[in-house]
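Summary of the model geometry
Residues per chain are reported as follows:
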Amino acid sequence: RIINEKGFEGISRAHIIYLFRTPTLHHTDNPPLFIATDILCDISSSRLYKALREEEGLTYGISRELTVANDYGNYFVSFDVDQKDVRKAIDRTDNELIKLSAEDISDEELEEARKRLGINALSDIYGPGVSANIRLELDRYNFNKFSYIKSIFSVEKHDVKRVFQEYLTPDKSMVNIAYPA
């Protein structure tokens with residue numbers, strides 16, 4: 001595991017970024033990975049938001065991004081904390097990753113993640129430039145949004161646990177910390 005630490009001028013809080021390598025666009029692990037990352041860190045009901053914001057009061061918000069492309073995939077989670085709370089925030093984040101890779105997720109968590117991801121995909125389809133976007137994704141990337149939605153709803157809890165173990169454990173992360181200089 002790599003942990004990079006560096007001081008920066010002009011920031012008042014420490015900025016922590018977790019980065020994980022994930023599968024490429026057409027990998028079969030993507031549907032459960034999308035659900036896993038949603039459960040970890042999507043909205044205020046996510047595991048990491050509850051742990052860092054509600055229970056510990058360490059941060060005001062959490063950003064995240066899952067990118068899948070033909071030749072690479074990555075997932076990052078970032079948040080700001082007071083400099084004195086960096087270790088506590090990393091320990092708590094690591095703990096949530098370990099719990100999600102070792103314990104079962106609830107039926108409710110799985111169903112809510114499926115619904116959110118289905119709604120997001122449908123919003124992409126029926127938003128501006130819909131036909132062009134669907135055609136572009138199909139032609140350029142051989143990516144069919146309707147098949148994606150179907151695959152999301154076929155993900156089971158054991159699939160989510162498996163991708164947490166495969167991709168989203170502390171030992172598979174790179175952590176960057178920007179401290180106020």
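Notes on the structure in this doc start here. (Residues numbered from 1 in each chain as written. Predicted model: local features only at pLDDT ≥ 70, side-chain atom pairs only at ≥ 80, totals over all residues. Heavy atoms only, no water.)

Focus on the overall build of the protein chain
The following threshold applies: Numbering of helices and strands runs from the N terminus; a helix is a DSSP stretch of H or I covering at least four residues, while a strand is a stretch of E covering at least two. With the radius of gyration taken over C-alpha atoms, the globule rule is written as 2.2 Å times the number of residues to the power 0.38. A simple rule labels every residue: compare its accessible area, found with a 1.4 Å probe on the protein chains alone, to the largest value its type can have, and call it buried under 20%, exposed over 50%, or partly exposed in between. Each accessible area is a Shrake-Rupley estimate made with a 1.4 Å probe; only the visible protein chains count as cover when residues are assessed.
Scanning the protein chain from terminus to terminus reveals 7 helices and 5 strands. Element order for the protein chain, N to C, with α for helix and β for strand: β-β-α-α-β-β-α-α-α-α-α-β. Here the C-alpha atoms of the protein chain give a radius of gyration of 17 Å, agreeing with the 16 Å that 2.2 N^0.38 yields for 181 residues. Principal-axis analysis of the C-alpha atoms places the extent of the protein chain at approximately 50 × 35 × 25 Å. Classification of the 181 residues of the protein chain by burial places 44% in the buried group. In the structure as shown, the protein chain presents an accessible area of about 9,700 Å², 49% of it carried by carbon and sulfur atoms.

Quick word on the side chain of Thr-59
The test is simple: Polar contact is defined as a pair of N or O atoms within 3.5 Å, subject to the rule that within protein one atom must be able to donate a hydrogen and the other to accept it, and that residues adjacent in sequence are counted only when both atoms are side-chain atoms. Whether two residues are in contact is decided by their heavy atoms: any pair within 4.5 Å suffices.
One can find Thr-59 in the loop between helix H2 (47-55) and strand E3 (62-68). Take Thr-59: its relative accessible area is 3%, and that puts it in the buried class. At 3.1 Å, the side chain of Thr-59 and the backbone oxygen of Gly-61 are in polar contact. Excluding residues that lie within four positions of it along the chain, Thr-59 makes contacts with Arg-13, Leu-52, Arg-53, Phe-79, Asp-80 and Val-81.

Observations regarding the pattern of salt bridges
What counts is decided by this rule: Salt bridge, as applied in this entry: a Lys or Arg side-chain nitrogen positioned within 4 Å of an Asp or Glu carboxyl oxygen.
Using the criterion set out here, one finds 17 salt bridges in the structure. A salt bridge links Arg-13 to Asp-82; the nearest nitrogen and oxygen atoms lie 2.9 Å apart. With a gap of 69 residues between them, Arg-13 in the loop between strand E1 (2-8) and strand E2 (14-21) and Asp-82 in the loop between strand E4 (73-81) and helix H3 (86-102) connect regions that are remote in the sequence. On the basis of relative accessible area, Asp-82 is assigned to the partly exposed category, the value being 32%. Between Lys-161 and Asp-104 there is a salt bridge whose closest N-O contact spans 3.8 Å. Within this pair, whereas Lys-161 is found in helix H7 (residues 157-167), its partner Asp-104 is found in the loop between H3 and helix H4 (107-126), the two being separated by 57 residues in sequence. Of the residues examined, Lys-161 reaches a relative accessible area of 24% and is grouped as partly exposed. The class of Asp-104 is exposed, set by a relative accessible area of 58%.

Quick look at the pairing of strand E5 (residues 173-180)
For clarity, the threshold we go by: Should DSSP find at least two bridges between two strands, the strands are regarded as paired.
With 6 of its 8 residues buried, E5 lies for the most part within the structure. Across 6 bridges, E2 lies against E5 in antiparallel orientation. The residue bridging Tyr-18 from the neighbouring strand is Val-175, located in E5.

Description of the pairing of E4
Summarising the sheet, E2 and E4 pair through 8 bridges and their orientation is antiparallel. Following the sheet pairing, Tyr-18 is matched in E4 by Val-77. Here E3 pairs with E4 via 7 bridges, running antiparallel. When the sheet's bridge partners are listed, Ile-62 is paired in E4 with Phe-79. In this structure, the hairpin formed by E3 and E4 is closed by a connection of 4 residues.

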